[in-house]
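Take a look at the letters that make up each chain.
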Amino acid sequence: MGALGAYLLLSLVLVPFQYRYLTGVKEEQIRCEQNQSEYYNSKSVTEQILHVNTQGNPLFILANVMAYIIYKLKQK
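Below is a summary of the structure that appears in this document.

We now examine helix α4 (residues 61–75). Since the α-helix advances by 3.6 residues per turn, residues separated by three or four positions end up pointing in the same direction. With 15 residues, α4 extends 21 Å between its outermost C-alpha atoms, agreeing within 8% with the 21 Å of an ideal straight helix rising 1.5 Å per residue. Taken together, the buried positions of α4 are Ala63, Asn64, Ala67 and Tyr71. The buried residues of α4 occupy one face: seen down the axis, they fall within an arc of 100°. Summarising the contacts, the buried residues of α4 are in contact with α1 (2–32) and α3 (45–56).

Turning next to the pattern of salt bridges. All told, the structure shown has one salt bridge when counted by the stated rule. Of the charged contacts in the structure, one is a salt bridge between Lys43 and Glu28, with a shortest N-O distance of 2.8 Å. Here the residue Lys43 occupies a position in the loop between α2 (36–41) and α3, and Glu28 occupies one in helix α1, the gap between them amounting to 15 residues. By relative accessible area, which is 19% here, Lys43 ends up buried.

Criteria and thresholds
Residues numbered from 1 in each chain as written. Predicted model: local features only at pLDDT ≥ 70, side-chain atom pairs only at ≥ 80, totals over all residues. Heavy atoms only, no water. Helix = DSSP H or I, 4+ residues; strand = E, 2+ residues; numbered from the N terminus. Expected span 1.5 Å × (residues − 1). Buried < 20%, exposed > 50% of the residue type's maximum accessible area, 1.4 Å probe, protein only. Arc of directions from axis to C-beta. Contact = heavy atoms within 4.5 Å. Salt bridge = Lys/Arg side-chain N within 4 Å of Asp/Glu carboxyl O.

Structure follows, in structure tokens:
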């Protein structure tokens, strides 16, 4: 139970950071008038790798899901 509790606590701490990252990406897409595919294709390889690490790291999955849900709820 200790490892699960630590993971949940870490996820809760990371939600605000992941939310800000998600909103920043969406705002930049809108500002550049690009769809998701065009947006990521216009980024350098380094930026793409950083994005994959930020969004695809198994340690961040729960925080990413919670941040996405909050983002979608605020958009309504």
